[in-house]
Amino acid sequence: KQEVTQIPAALSVPEGENLVLNCSFTDSAIYNLQWFRQDPGKGLTSLLLIQSSQREQTSGRLNASLDKSSGRSTLYIAASQPGDSATYLCAVDGQNFVFGPGTRLSVLP
Amino acid sequence: GAVVSQHPSWVICKSGTSVKIECRSLDFQATTMFWYRQFPKQSLMLMATSNEGSKATYEQGVEKDKFLINHASLTLSTLTVTSAHPEDSSFYICSARVASLNTGELFFGEGSRLTVL
């Protein structure tokens, strides 16, 4: 059974810092990994999708990497802004689509 | 990206009544949609996979007669919470894939918050 964990559970940083969110999964037989953002009381916004054959994807200030063999993915956020404050969820698509518990990010002005 | 819309975004009902939540793919066809439930400060839990023209596939522990799913067209899936009770209060979210993209990327609706009094 696929298990997905995310570290840290919560993170508070001053504006402008670069930061890294971590996602780990136990079963490396995946099709892809997706990072989402969720604002309080809202649905999920897709940030980046990494296919199993890819090692990283970039979108603006976001960069996500995937090491399938070690069961890890990282989301790098450059020059963080208060508007980045949200919960970030990773999800792996394998036999089932499984979400991690999320990292609650607060970027302080 | 593709747009998935949910309605209503929030609903309050009395215990014992039934509530229907709609999930629509606005600019693409979705043969498969997914329904999730999210409790406060917790991650999403898959409830069921909705298949157009056939019965939904429910996850273990999800009551089929409690949570009725209908996927009558390629752009609409509905979740009906029957005889709702306060413990059914939660945030319900649907998602869908764009088959033509062939990437497996999931797109989510805005969610529907159900409060049962």
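Residues numbered from 1 in each chain as written. Chains lettered and ligands numbered in written order. Predicted model: local features only at pLDDT ≥ 70, side-chain atom pairs only at ≥ 80, totals over all residues. Heavy atoms only, no water.

## Observations regarding the overall build of chain A
So, point 1. Within chain A one finds 0 helices and 11 strands.
So, point 2. Counting from the amino terminus, chain A carries its helices and strands in the arrangement β-β-β-β-β-β-β-β-β-β-β.
So, point 3. On C-alpha atoms alone, chain A measures out to a radius of gyration of 13 Å, which is about the 13 Å that the 2.2 N^0.38 rule sets for 109 residues.
So, point 4. C-alpha extents for chain A along the principal axes are approximately 40 × 25 × 20 Å.
So, point 5. Within chain A, the fraction of its 109 residues that count as buried is 45%.
So, point 6. The contacts in chain A between residues at least 6 apart in sequence include a share of 53% that link residues at least 24 apart.
So, point 7. About 5,300 Å² of surface is accessible on chain A, with carbon and sulfur atoms providing 48% of the total.
So, point 8. Each charge class in chain A was averaged separately, 8 positive and 9 negative side chains, and the resulting centres sit 3 Å apart. (Helix = DSSP H or I, 4+ residues; strand = E, 2+ residues; numbered from the N terminus. Rg over C-alpha atoms; globule rule 2.2 N^0.38 Å. Buried < 20%, exposed > 50% of the residue type's maximum accessible area, 1.4 Å probe, protein only. Contact = heavy atoms within 4.5 Å. Areas by Shrake-Rupley, 256 points an atom, 1.4 Å probe, with all protein chains shown as cover. Lys, Arg positive; Asp, Glu negative; His and termini not counted. Charge placed at Lys NZ, Arg CZ, Asp CG, Glu CD.)

## Thoughts on a nonpolar patch on the surface
Residue and element names in this part refer to chain B.
So, point 1. A cluster of nonpolar side chains, contributed by Trp-10, Ile-12 and Leu-117, occupies part of the molecular surface with about 390 Å² of accessible area.
So, point 2. Counting through the fold element by element, Leu-117 comes out in the segment after strand E11 (112–116).
So, point 3. Here Leu-117 falls in the exposed class, since its relative accessible area comes to 60%. (Patch = residues over 30% accessible without salt bridge, like charges linked within 9 Å, V, L, I, M, F, W, Y side chains within 5 Å. Salt bridge = Lys/Arg side-chain N within 4 Å of Asp/Glu carboxyl O.)

## Quick word on the pattern of salt bridges
All names here are of chain A.
So, point 1. Going through the model one piece at a time under the given rule, you end up with 5 salt bridges over all chains.
So, point 2. Across the pair Arg-37 and Asp-39 runs a salt bridge, and its minimum N-O distance is 3.0 Å.
So, point 3. Asp-39 gets classed as partly exposed once you look at its relative accessible area, which sits at 26%.
So, point 4. Its salt-bridge partner being Asp-84, residue Arg-61 comes within 2.8 Å of it at the nearest N-O pair. Of this pair, Arg-61 sits in the loop between strand E6 (56–59) and strand E7 (62–67) while Asp-84 is found in the loop between strand E8 (72–77) and strand E9 (86–93), placing the two residues 23 residues apart along the sequence.

## What to know about the pairing of strand E4 (residues 32–38) of chain A
Residue and element names in this part refer to chain A.
So, point 1. Counting buried residues in E4 gives 7 out of 7 residues, a clear majority hidden from the surface.
So, point 2. Burial along E4 is two-sided: Asn-32, Gln-34, Phe-36 and Gln-38 facing one way and Leu-33, Trp-35 and Arg-37 facing the other are all buried.
So, point 3. In this structure, E4 lies alongside strand E5 (residues 44–51), joined through 7 bridges in antiparallel fashion. Across the sheet, the residue bridging to Phe-36 is Ser-46, located in E5.
So, point 4. Counted along the chain from E4 to the antiparallel partner E5, the turn is 5 residues long, and its residue Gly-41 has a positive phi close to 70°.
So, point 5. As judged from the 7 bridges shared by E4 and E9, these two strands associate in the antiparallel manner. Across the sheet, Gln-38 pairs through a bridge with Thr-87, a residue of E9. (Pairing = 2+ DSSP bridges.)

## As for the side chain of Thr-103 of chain A
Residues and elements named next belong to chain A.
So, point 1. Looking at the secondary structure, you find Thr-103 in strand E11 (residues 103–108).
So, point 2. For Thr-103, a relative accessible area of 0% corresponds to the buried category.
So, point 3. In terms of polar contacts, Thr-103 uses its side chain to reach the backbone carbonyl oxygen of Pro-8, at 2.6 Å.
So, point 4. Among all residues touching Thr-103, those that are not within four sequence positions of it are Gln-6, Ile-7, Pro-8, Ala-9, Leu-21, Ala-86, Thr-87 and Tyr-88. (Polar contact = N/O pair within 3.5 Å; in protein donor to acceptor, adjacent residues only side chain to side chain.)

## Comments concerning the state of the cysteines
So, point 1. Across all of its chains, the model carries 2 disulfides over all chains by this definition.
So, point 2. Bridging Cys-23 of chain A to Cys-90 of chain A, the disulfide has an S-S length of 2.0 Å. Its S-S torsion of about 75° marks the bond between Cys-23 of chain A and Cys-90 of chain A as right-handed, since a negative value means left-handed. Taken together, the positions of Cys-23 of chain A in strand E3 (residues 19–25) and Cys-90 of chain A in strand E9 put the pair 67 residues apart, joining distant regions of the chain. Here the two residues Cys-23 of chain A and Cys-90 of chain A agree in accessibility, since each one is buried.
So, point 3. The side chain of Cys-23 of chain B participates in a disulfide bridge whose partner is Cys-94 of chain B; the two sulfur atoms lie 2.0 Å from each other. Judged by the sign of its S-S torsion, about 85°, the bond between Cys-23 of chain B and Cys-94 of chain B is right-handed. Taken together, the residues span a long stretch of sequence, with Cys-23 of chain B in strand E3 (residues 19–25) and Cys-94 of chain B in strand E9 (residues 90–97) at a distance of 71 residues.
So, point 4. By relative accessible area, which is 0% here, Cys-23 of chain B ends up buried. (Disulfide = S-S within 2.5 Å.)

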